[in-house]
Amino acid sequence: MWEILYGKTISYYQKLDMSKLGLLIYYCNLRPAVNKEAPQCYVNLMRKCWDKNSEKRSSAKDLCEIFEKWQNDESVLLELNESKSLLENIEDSYYEN
């Protein structure tokens, strides 16, 4: 979801192999930075998907239902449209460990 929001892949400054990165993600809750200009509804959902406890994460079915609801919610559409113009001017976001 982060990559969809920013239109680019997540980058980390340190050079880590996949096993070390996986350990940092799982044990240290490593997550990419989220810009404060991002739409809050999307950020909340993204963070829910990042939950360490898989039982708390949204399923693919849940995500489809949420996105469908958003398509018919004027306040959500307005928030997403307003944040799009702000995000277009933001430099790359990186997480530094």
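Residues numbered from 1 in each chain as written. Predicted model: local features only at pLDDT ≥ 70, side-chain atom pairs only at ≥ 80, totals over all residues. Heavy atoms only, no water.

**A short note on the overall build of the protein chain**
Logical step 1: Across its full length, the protein chain carries five helices and zero strands.
Logical step 2: Listed N to C, the secondary structure of the protein chain is α-α-α-α-α in terms of helices and strands.
Logical step 3: The contacts in the protein chain between residues at least 6 apart in sequence include a share of 62% that link residues at least 24 apart.
Logical step 4: Accessible surface, the protein chain as shown: approximately 7,300 Å² in total, 49% of it carbon and sulfur. (Helix = DSSP H or I, 4+ residues; strand = E, 2+ residues; numbered from the N terminus. Contact = heavy atoms within 4.5 Å. Areas by Shrake-Rupley, 256 points an atom, 1.4 Å probe, with all protein chains shown as cover.)

**A closer look at the packing of aromatic side chains**
For any pair of aromatic rings, geometry is given as the distance between the ring centres together with the angle between the planes.
Logical step 1: A complete count under the given rule lists three aromatic pairs for this structure.
Logical step 2: Consider the rings of Y42 and W70, whose centres lie 6.4 Å apart with planes at 50°: the pair is tilted. Highlighted residues: Y42 in helix α3 (residues 40–49) and W70 in helix α4 (residues 60–71), separated in sequence by 28 residues.
Logical step 3: The structure contains a cluster of three or more aromatic residues connected by ring pairs, namely Y42, F67 and W70.
Logical step 4: The cationic tip of K52 hangs over the ring face of Y26; the distance from NZ or CZ to the ring centre is 4.9 Å. (Phe/Tyr/Trp six-rings, centres within 6.5 Å; stacked < 30°, edge-to-face > 60°. Lys NZ or Arg CZ within 6 Å of the ring centre and 35° of its normal.)

**Some remarks on the nonpolar core**
Logical step 1: Grouped together as the largest cluster of nonpolar side chains are 13 residues, with contacts concentrated most on W2, L5, Y6, A38, Y42, M46 and W70.
Logical step 2: Every element with two or more residues in this core is listed here: α1 (2–6), α3 and α4.
Logical step 3: Among the elements that line this core, the one with the most residues is α3, at five residues.
Logical step 4: If near-sequence neighbours (up to four positions away) are discounted, Y42 is found in contact with M1, I4, L5, W70 and L80. (Core = buried A, V, L, I, M, F, W, Y, C linked by side-chain atoms within 4.5 Å. Buried < 20%, exposed > 50% of the residue type's maximum accessible area, 1.4 Å probe, protein only.)

**Some thoughts on the side chain of R31**
Logical step 1: Inspection of the secondary structure assignment puts R31 in the loop between α2 (18–27) and α3.
Logical step 2: Buried within the structure, R31 lacks any salt-bridge partner; D51 is the closest side chain of opposite charge, at an N-O distance of 7.2 Å.
Logical step 3: Here the side chain of R31 touches I25 through a polar contact of 3.2 Å, landing on its backbone oxygen.
Logical step 4: Among the polar contacts made by the side chain of R31, one reaches the main-chain carbonyl oxygen of W50 at a distance of 2.5 Å. (Lys, Arg positive; Asp, Glu negative; His and termini not counted. Salt bridge = Lys/Arg side-chain N within 4 Å of Asp/Glu carboxyl O. Polar contact = N/O pair within 3.5 Å; in protein donor to acceptor, adjacent residues only side chain to side chain.)

**Some words on the packing of α3 against α4**
Logical step 1: The contact between α3 and α4 brings their axes to 13 Å, and the two run at 175°. As far as their axial angle goes, α4 and α3 are roughly antiparallel. Facing C41, Y42, L45 and C49 of α3, the residues of α4 in contact are L63, I66, F67 and W70.
Logical step 2: The residue makeup of the contact of α3 with α4, split by class, is eight nonpolar, no polar and no charged. (Axes fitted to C-alpha atoms, helices over the stretch in contact; angles between N-to-C directions. Parallel < 35°, antiparallel > 145°, perpendicular 65-115°, else oblique. Nonpolar A, V, L, I, M, F, W, Y, C, P; charged D, E, K, R; others polar.)

**Some remarks on the confidence of the model for the protein chain**
Logical step 1: Within the protein chain, residue pLDDT values average 80, and 80% of them lie at 70 or more.
Logical step 2: Predicted confidence in the protein chain is weakest over α1, with a mean pLDDT of 76, and strongest over α4, with 93.
Logical step 3: Note that pLDDT drops below 50 for residues 91–97; the model gives that stretch 18 contacts with residues more than four away or on any other chain. (pLDDT = per-residue confidence, 0-100.)

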